[in-house]
Amino acid sequence: MDYQDFLLFQPYSLLLLLLVFLSSTYFLLKRHLVTKSLPKNLPPGSLGWPLIGETFEFLSGNPEDFIQQRLEKYATQVFKTNILGERTIFFSGPAASKLIANNELKLVKLWLPHSQKRLFAIDYTKSHQKSLHLMRPPPGATGTGFTRLYGFLKPEAKFVEKFDSMMRWELREHWEGHEGEVVRAYGLVKSFVLTLSCNNLLGMEPERSKKLTGKLDVIVNGLQSIHVNFPGTVYHRAKKAVAELGREIQLLITERTAEDPVPATEDFLSLLIAGNVDQSGKVILRSTVANIATGVMAASYGSVVTTITHMIKFVGLRPDVYDKIYSEQSEILTSKGGDALNWDHINRMKYTWAVACETMRIVTPFIGTFREVLTDFNFAGYAIPKGWKIFWAVNTSNKNPEYFPEPEKFDPSRFMENEQLPYTFQPFGGGPRMCAGKEWARLAILIFMHNLVTKFKWEIINPNEKVLNGMVMPAPVEGLPIRLHTLSSFVSPN
Ligand code: HEM
């Protein structure tokens, strides 16, 4: 008997074979029964393997490819699958976007994957009232802590000056003094966004915020991971980072509430502390306040970092685009003289914003968002059953030549000249759950670019640098190396 035969006749091997046989039969039978019990006329698609469905395919590669391949294969705007333990229907295109944006709490409601709910230990999607209470003013509320919180993420004029001084601090600390050197833009952008979020959301001084470097990256990665909490997994690392950030925030709360009188700081955390009662008048626990602040910190970070980083790349590769941004921004710089940037200057940055939009069209920072189906309905001729989840792929029209001719071309003028067709460009989502930080993001991006282009030019070291795509925060694998030139000494490369 040779070694193979010997192994085959070992009792362990027989037991293993039996187990494999039984589990395959069980899974195939279960799959058959599940398929038989499904409602009729569902969108096309595969529910994949029992339990895991197509989660692995969705998370392990490029989620955009996962979506695009299925849309092409089934030639529809919707397809069904099973991801993250949920039967899910993917919605794409303007008609789907319109339906979702206009039917929150009628046909659908916001839903978060279990891993995200557990990561932040809060489920602010549970009911209409609770779901909206901290980010959105409850119906009829005026001038309460809630409305102030919501308003906070829509920065007012005074934030322009604050964001601007933060950016100038970052330039002095990390960008200046590197004439002709290669620096990694991705890391520098992360530093700016972290400083901005820590300062304006938590009231933390720039120096202190440095000790949180890297934590938000780990947390953002955890948002797109499977909920497996073992040491070494992405989720486990994210959970640890959430706990560390939470502890830091609780420390801030202790420091702030220990002072008498409590200092009148103008950050999100202070508003949370001051308005820490929910709609029934119940006091929100300190740990919950910390969890909410951690969640908003994470939301404020990845998408802004992604947009600014890719904007630096696209602008660096296109001198004509740089020149137009420069001309817009240097005009503003001259007109403001020694004064601080103000709201009027921001509203004049139209071309710069068009460049940001074109960047988000090509590299969408946040490819989609989930909803839960509240009641059976039909869409595009298919049944959408109650209880199923929807993944609203917000970027599926972005590269459709019907809405964006020559979609692979980087052409900011499309956001200057033409009004976009409704529901074709929605990087911030839409409807009542549209991104609460849209205006904050606009300010951060424009103020960053204003300061950058009026002081520097840059060369992209590797125009073909790969981008690692995920559900959120597509990342340049080499950290976007650029060669910096301060404007007075800049010599155009041949
Ligand atoms: C370029 C930057 C950003 C992009 C592309 C972006 C995109 C999005 C998207 C697609 C959603 C989901 C909307 C939906 O489900 O309909 C969202 C939600 C949200 N975003 Fe942003 N976001 C950005 C920046 C920010 C910033 C800077 C903040 C905070 C300062 C923020 C806070 C939030 C919050 C709190 C929500 C949840 C809103 C709710 O459920 O009511 N975002 N964002």
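Keep in mind that this is a model prediction, so the values were computed, not measured.

Enquirer: Would you mind going over the overall build of the chain in detail, with residue names and values included?
Expert: Broken down by element type, the chain carries 20 helices and 12 strands. Of all 494 residues assigned to the chain, the portion counted as buried reaches 51%. Considering only residue pairs separated by 6 or more positions, the chain has 72% of its internal contacts joining residues 24 or more positions apart. As displayed, the chain offers around 23,300 Å² of accessible surface, 58% of which is attributable to carbon and sulfur atoms.

Enquirer: Hey, could you go over the sheet that holds strand S5 (residues 368-373) for me, with residue numbers and the actual values?
Expert: With mixed pairing, the 5 strands of this open sheet are ordered in space as S1-S2-S8-S5-S3. The sheet is open, and its two edges are formed by strand S1 (78-83) and strand S3 (108-110), each paired on a single side. Here the strands of the sheet are splayed against their neighbours by 35 degrees on average, with no regard to which way each runs. Of the strand pairs in this sheet, S3 and S5 are connected by 3 bridges, and their pairing is antiparallel. Opposite Lys 109, over in S5, you have Glu 372 as the bridge partner. Taken strand by strand, helix H4 (residues 63-74) contacts S1, strand S2 (86-91) and strand S8 (389-393), and its axis lies near 135 degrees from that of S1.

Enquirer: Talk me through the nonpolar core; I want residue IDs and the actual numbers.
Expert: Residues Trp 175, Leu 269, Ile 312, Phe 448, Trp 458 and Ile 482 are the most contacted members of the largest nonpolar core, which totals 99 residues. If you tally residues by element for this core, the top one is helix H15 (residues 286-317), at 15 residues. Leave out the neighbours within four places in its chain, and Phe 448 touches Met 167, Trp 175, Val 189, Phe 192, Ile 308 and Ile 312. In this structure, Leu 38, Val 78, Phe 91 and Leu 107 belong to the second largest nonpolar core, which totals 21 residues.

Enquirer: Please set out the pairing of strand S12 (residues 481-486) residue by residue, giving values where relevant.
Expert: Of the strand pairs in this sheet, strand S4 (residues 182-184) and S12 are connected by 3 bridges, and their pairing is antiparallel. Its bridge partner being in S12, Val 183 is matched across the sheet by Ile 482. In this structure, strand S9 (residues 456-460) lies alongside S12, joined through 5 bridges in antiparallel fashion. Note on S12: the bridge partner recorded for Trp 458 is Leu 484.

Enquirer: With reference to specific residues and values, describe the pattern of salt bridges.
Expert: Counted by the stated rule, this structure contains 17 salt bridges. Here Arg 348 and Asp 344 are joined by a salt bridge, their closest N and O atoms 3.7 Å apart. Using a relative accessible area of 33% as the deciding quantity, one classes Arg 348 as partly exposed. Owing to a relative accessible area of 44%, Asp 344 belongs among the partly exposed residues under this scheme.

Enquirer: Help me get a handle on the environment of Lys 409, residues and values and all.
Expert: Secondary-structure assignment places Lys 409 in the loop between S8 and helix H19 (414-417). A residue is classified by how much of its surface remains accessible, and Lys 409, at 40% relative accessible area, is partly exposed. Along the chain, Lys 409 and Lys 399 lie 10 residues apart, while their C-alpha atoms are 9.9 Å from each other. Residues contacting Lys 409, with those up to four places away along its chain left out, are Glu 358, Arg 361, Ile 362 and Arg 414.

Enquirer: Account for the pairing of S8, with residues named and values stated.
Expert: Within S8, 5 of the 5 residues are buried, leaving the element largely enclosed by the surrounding structure. Sheet analysis places S2 next to S8, joined by 4 bridges and oriented parallel. Residue pairing for S8: Ile 89 is matched across the bridge by Ile 390. Bridge count between S5 and S8: 5 bridges; the pairing is antiparallel. Note that in S8 the partner of Arg 371 across the bridge is Ile 390.

Enquirer: I'd like to hear about a nonpolar patch on the surface, residue by residue, with values.
Expert: On the surface, Leu 15, Leu 18, Phe 21 and Leu 22 cluster together to form a nonpolar patch covering roughly 430 Å² of accessible area. A residue is classified by how much of its surface remains accessible, and Leu 18, at 49% relative accessible area, is partly exposed.

Quick notes on the rules
- Residues numbered from 1 in each chain as written.
- Predicted model: local features only at pLDDT ≥ 70, side-chain atom pairs only at ≥ 80, totals over all residues.
- Heavy atoms only, no water.
- Helix = DSSP H or I, 4+ residues; strand = E, 2+ residues; numbered from the N terminus.
- Buried < 20%, exposed > 50% of the residue type's maximum accessible area, 1.4 Å probe, protein only.
- Contact = heavy atoms within 4.5 Å.
- Areas by Shrake-Rupley, 256 points an atom, 1.4 Å probe, with all protein chains shown as cover.
- Pairing = 2+ DSSP bridges.
- Axes fitted to C-alpha atoms, helices over the stretch in contact; angles between N-to-C directions.
- Core = buried A, V, L, I, M, F, W, Y, C linked by side-chain atoms within 4.5 Å.
- Salt bridge = Lys/Arg side-chain N within 4 Å of Asp/Glu carboxyl O.
- Patch = residues over 30% accessible without salt bridge, like charges linked within 9 Å, V, L, I, M, F, W, Y side chains within 5 Å.

Function-wise, these values are silent; they only describe arrangement.
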